Amino acid sequence: MTIGIIGGGLGGLASACTLAARGHKVILFEKNDWLGGKAAVLEEEGFRFDMGPTILTMPRVLERIFGEAGRDLHQELDLRRLDPQWRCFYDDGSVLDLRDDPRKAAEEIGRLSPADRAGFERFMEVASRLSDVSDRFFFWKSVEDLRDTMDLKGSMNLSTLSDVMALRMHRTVAGQIKRDVKDHRVAQMLEHFIQYVGSSPLASPAVLCGIAQMQQGEGVWYPMGGTRAVPKALAQLAESLGVEVRTGTGVSKIEVDKGRARAIVTDTGERVACERIVSNMDSVRTYDELVGGDEGRAFAKSRKREAACSGVVLYLGLDRAYEHLAHHNFVFSRDPEEEFAAIYDKGEPAPDPTAYVAAPARTEPGVAPEGGEALYVLVHTPYLRPHHDWKTMLPGYRDVIMEKLKRTAGMEDIEERIVVERSLTPQDIHERYRVLNGAIYGLASHGKVMGAFKPGNRSRQVEGLYLAGGSAHPGPGMPMALMSGWIAADTLDQDAGGAAHGRADVAAE
Ligand SMILES: Cc1cc2nc3c(=O)[nH]c(=O)nc-3n(C[C@H](O)[C@H](O)[C@H](O)COP(=O)(O)OP(=O)(O)OC[C@H]3O[C@@H](n4cnc5c(N)ncnc54)[C@H](O)[C@@H]3O)c2cc1C
C-alpha cells in the first residue's frame, strides 16, 4: 500500500516519519526544493536567520514523533530551555520579563503591578485547567467539532460536566484575562499568547488561554542550529526510515472516484496511485484546488472559514549587538484595541504595531559575525485582501516598524547598524507556501464555541484523505502542526488496520 503525502512542512514530515516508522510505504511530494515549509532558513554574509517559526514550545510532541521510530529526540537535537521566555517592552518605557519559573514570573509581575501578582497566579490556574482539558479531550485524536471531543450522551458524568464547564464557552480570551488581571501591560502580555494562533483575543474562545500554560509549564526551547534544525532532523529521520522524498514536485490534483481518494497527479501530469493520501497543503485550498467536485463543494458548505493573520518579517544583519535584548522580545503597541481592530476588523496594517523581535545570538553567538546581531522582526498584519499590494506597501510599513523599534525598544541607531536587510511579506508567504490568503497560522480561531475547532484530520468528505498541518486540527504553531501530522498518521494507520508491523496497542483493541 502506497501512502502519498502532499507537502513537506512540519505536519507533512511528522506524518511521513510516523507512518514510515509503523511500516508503511510513503512518498512525499513537496513543491519547493527544501523540506520544512515555513520553517525555512536564510543565510547571508555570515548571518543566519530562521525565516518562519522561532519560538519552540511543547517538545514532548517531537519526543513522541521521534519515539515512534525508537529514537530519543535529545540525541538528535540540542535543545536549550530559555529564561526569560519573553522580554516585554512597553510604550510607556517599562520592561517586564516573563520568567521561565512560574513563581519568578509572578514575582516580576508583582514588581510591575503588585495587585496582579495574585491575579496572574489565578489566571495560570485557569490556564492549567484548560490545558489539561485540551490534553484529555482535544489532543492526539482527530477532532472536528464538539461531538468528536467527548461522548456527551454516553459518558456524561459529574467529572466530564465539570470539564465542560471549565471550557468557559461563554467567554473570550480577553474576557478571561480581564477578570484576573487589572494592569493593562500585564493584560497585553497575556493577550499575546493568542497571537501564536494569529487570532484576536477579543474574538477567540477562553479555552485557548490554555496556550499560556503550555508555555509556562513546559518551557520555551531553542534548538541549537535554529528552529530550522527541527525539520532537518525530521527529514533525516524520514530518510532513514525509507520515505521517498520528491522535492520540486507540486501536486495539482487528488483523484477521487466514488467518494474515495485514488491517486495524486503532479504539476507535470504524472499520476501516482495511492491507497491513502495525507495533505499538508492548507485544508481549504486542498478541497478547493486539489479535490474539487461534489466533495470540494461539500467541505466549503460545511462551515465558513476565515484565514488567520499574516505578517511582515524583516531579517536584519547588524554590525553591533543590542545586549539589552533577550532571545525573544515583544515590543508592544501603544493600544492593543486599536491594533487588534486594525488587523482583525478593518483588515489593515496596525498604525502602531506590536513587533516581535528575536535575537538568537543571545543563545547561539554563531548566527552572526562576531559582535553582530542577526535580528528577526515580525509584525502581524491582516491576511491578504484584494486591494493589498505589498510591493508598494512594504517601504512605508518598514519605516513604521523601524520607528516603533527606535521609540519603544531603545534601538535608536538601528538603521546605522544594518549591514544586511531582507524581508518577507504576506504576498511572499502566500506564494512560497500556498497558504490561504497569506495566512501564517492557518485558520482563525474566532467564535466562542467553534473557534478552537479546525477541519478534522480524517476527511468527512473523501474516504482515504487525511489532513495535517496548521490549518487542520488541532491548529497552527510548531507543536500543533507537528501533532496534527502525528494524528493524521495515527488515524490513517488505525483505518488501515494497524499497519504492516502490527502495533501492540492496536492489536489489543
Ligand atoms: C513568519 C512566521 C513566524 C512564525 N512563528 C512561529 C513561532 O515562533 N512559533 C511557532 O510555533 N509557530 C510559528 N509560526 C507558525 C508555524 O511556522 C506554522 O504553524 C507551521 O510551520 C506550519 O506547518 P505546516 O505543517 O502547516 O506546513 P507549512 O509550513 O505551511 O508547509 C506546507 C508545505 O506544503 C507545500 N505544499 C503546499 N501545497 C502543495 C502542493 N500542492 N504540492 C506540493 N507541495 C505543496 C508547501 O510548499 C510547504 O512546504 C510562524 C510562521 C511564520 C510564517
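Cut-off values and rules
Residues numbered from 1 in each chain as written. Predicted model: local features only at pLDDT ≥ 70, side-chain atom pairs only at ≥ 80, totals over all residues. Helix = DSSP H or I, 4+ residues; strand = E, 2+ residues; numbered from the N terminus. Rg over C-alpha atoms; globule rule 2.2 N^0.38 Å. Buried ≥ 20, exposed ≤ 12 C-beta atoms within 10 Å, placed from the backbone. Contact = placed C-beta atoms within 7 Å. Near = placed C-beta within 6 Å. Nonpolar A, V, L, I, M, F, W, Y, C, P; charged D, E, K, R; others polar. Pairing = 2+ DSSP bridges. Axes fitted to C-alpha atoms, helices over the stretch in contact; angles between N-to-C directions. Arc of directions from axis to C-beta. Parallel < 35°, antiparallel > 145°, perpendicular 65-115°, else oblique. Left-handed = near helix turned anticlockwise from the far one by under 90°. Domains from an automatic or database assignment.

**Things to note about the overall build of the chain**
When its secondary structure is counted, the chain shows 19 helices and 20 strands. In terms of overall dimensions, the chain is globule-like: its C-alpha atoms have a radius of gyration of 22 Å, near the 23 Å expected for 509 residues. In terms of principal-axis extent, the alpha carbons of the chain reach across some 60 × 60 × 50 Å. Across the 509 residues of the chain, 54% fall into the buried class. Here the analysis covers contacts within the chain between residues at least 6 apart in sequence; of these, 73% occur between residues at least 24 apart.

**A word on the site of the ligand**
For the ligand, the set of nearby residues contains 37 residues, the closest of which are G7, G9, G11, G37 and G469. Only α1 (10-21), β2 (25-30), β15 (310-318), α17 (426-433) and α18 (478-495) provide two or more residues apiece to the shell around the ligand. Among the elements that make up the shell around the ligand, the one with the highest residue count is α1 (three residues). Partitioning the shell around the ligand into residue classes produces 18 nonpolar, 15 polar and four charged.

**A closer look at the pairing of strand β18 (residues 373-381)**
Where burial is concerned, most of β18 is hidden: nine out of the nine residues are buried. Residues E373, L375, V377, V379 and T381 line one face of β18 and the alternating positions A374, Y376, L378 and H380 line the opposite face, and both faces are buried.

**Focus on the sheet that holds strand β13 (residues 271-273)**
Strand order in the open sheet formed by three strands is β11-β12-β13, with antiparallel pairing between adjacent strands. In this open sheet, the two strands that pair with only one neighbour each are β11 (251-257) and β13. Strand-to-strand twist in this sheet, taken as the mean axis angle between neighbours without regard to direction, amounts to 30°. In terms of strand pairing, β11 meets strand β12 (residues 260-266) through six bridges, oriented antiparallel. Bridge pairing in β12 links E255 to A263.

**Structural notes on helix α14 (residues 336-346)**
By the burial criterion, the buried members of α14 are P336, E339, F340, I343 and Y344. Within α14, the buried residues cover an arc of 90° as seen down the axis, which keeps them to one side. More than 90 degrees from the buried face of α14, the exposed residues found are E337, D345 and K346. Residues of α14 that are buried make contact with α9 (184-191) and β18.

**Concerning the sheet that holds strand β19 (residues 418-424)**
Each strand in a sheet pairs with its neighbour through backbone hydrogen bonds, running either in the same direction (parallel) or in the opposite one (antiparallel). The seven strands lie next to each other as β8-β7-β16-β17-β18-β15-β19, forming an open sheet whose pairing is mixed. At either end of the open sheet lies a strand with only one pairing partner, and these are β8 (95-98) and β19. Pairwise comparison of adjacent strand axes, ignoring direction, gives a mean angle of 20° for this sheet. Pairing of strand β7 (residues 86-89) with β8, which is carried by four bridges, proceeds in the antiparallel orientation. Paired with W86 across the strands is L98, a residue of β8.

**Remarks on the packing of α1 against α18**
It is at 7 Å that the axes of α1 and α18 come closest, and there the two elements cross at 40°. On the basis of their axis angle, the class for α1 and α18 is oblique. For the crossing formed where α1 meets α18, the hand is right-handed. Listed contacts from α18 to L10, G11, G12, L13, A14, S15, T18 and L19 of α1 are M478, A481, L482, S484, G485, W486, A488, A489, D490, L492 and D493. Looking at the contact of α1 with α18 residue by residue, the classes come out as 11 nonpolar, six polar and two charged.

**Details of helix α13 (residues 293-302)**
Those residues of α13 lying buried are E295, G296 and F299. The buried residues of α13 all sit within an arc of 100° when viewed along its axis, so they share a single face. Residues of α13 that are exposed and angled more than 90 degrees away from the buried face: G293, D294 and K301. The secondary structure elements touched by the buried residues of α13 are β11 and α12 (283-291).

**Here we look at the domain arrangement of the chain**
The assigned domain composition of the chain is domain 1 (2-47 + 227-305 + 454-507), domain 2 (101-218) and domain 3 (307-433). The C-alpha centroid of domain 3 is placed 31 Å from the C-alpha centroid of domain 1. Taken together, the contact pairs eight residues of domain 1 with 10 residues of domain 3. Residue classes in the side of domain 1 that touches domain 3 are distributed as three nonpolar, two polar and three charged.

**As for the packing of helix α2 (residues 59-68) against α18**
Look at α2 against α18: their axes get within 9 Å of each other, and the N-to-C directions meet at 30°. Classified by the angle their axes make, α2 and α18 are roughly parallel. Relative to α18, α2 is oriented so that their crossing is left-handed. Listed contacts from α18 to V61, L62, R64 and I65 of α2 are P479, L482, M483 and W486. Grouping the amino acids of the contact of α2 with α18 by side-chain chemistry returns seven nonpolar, no polar and one charged.

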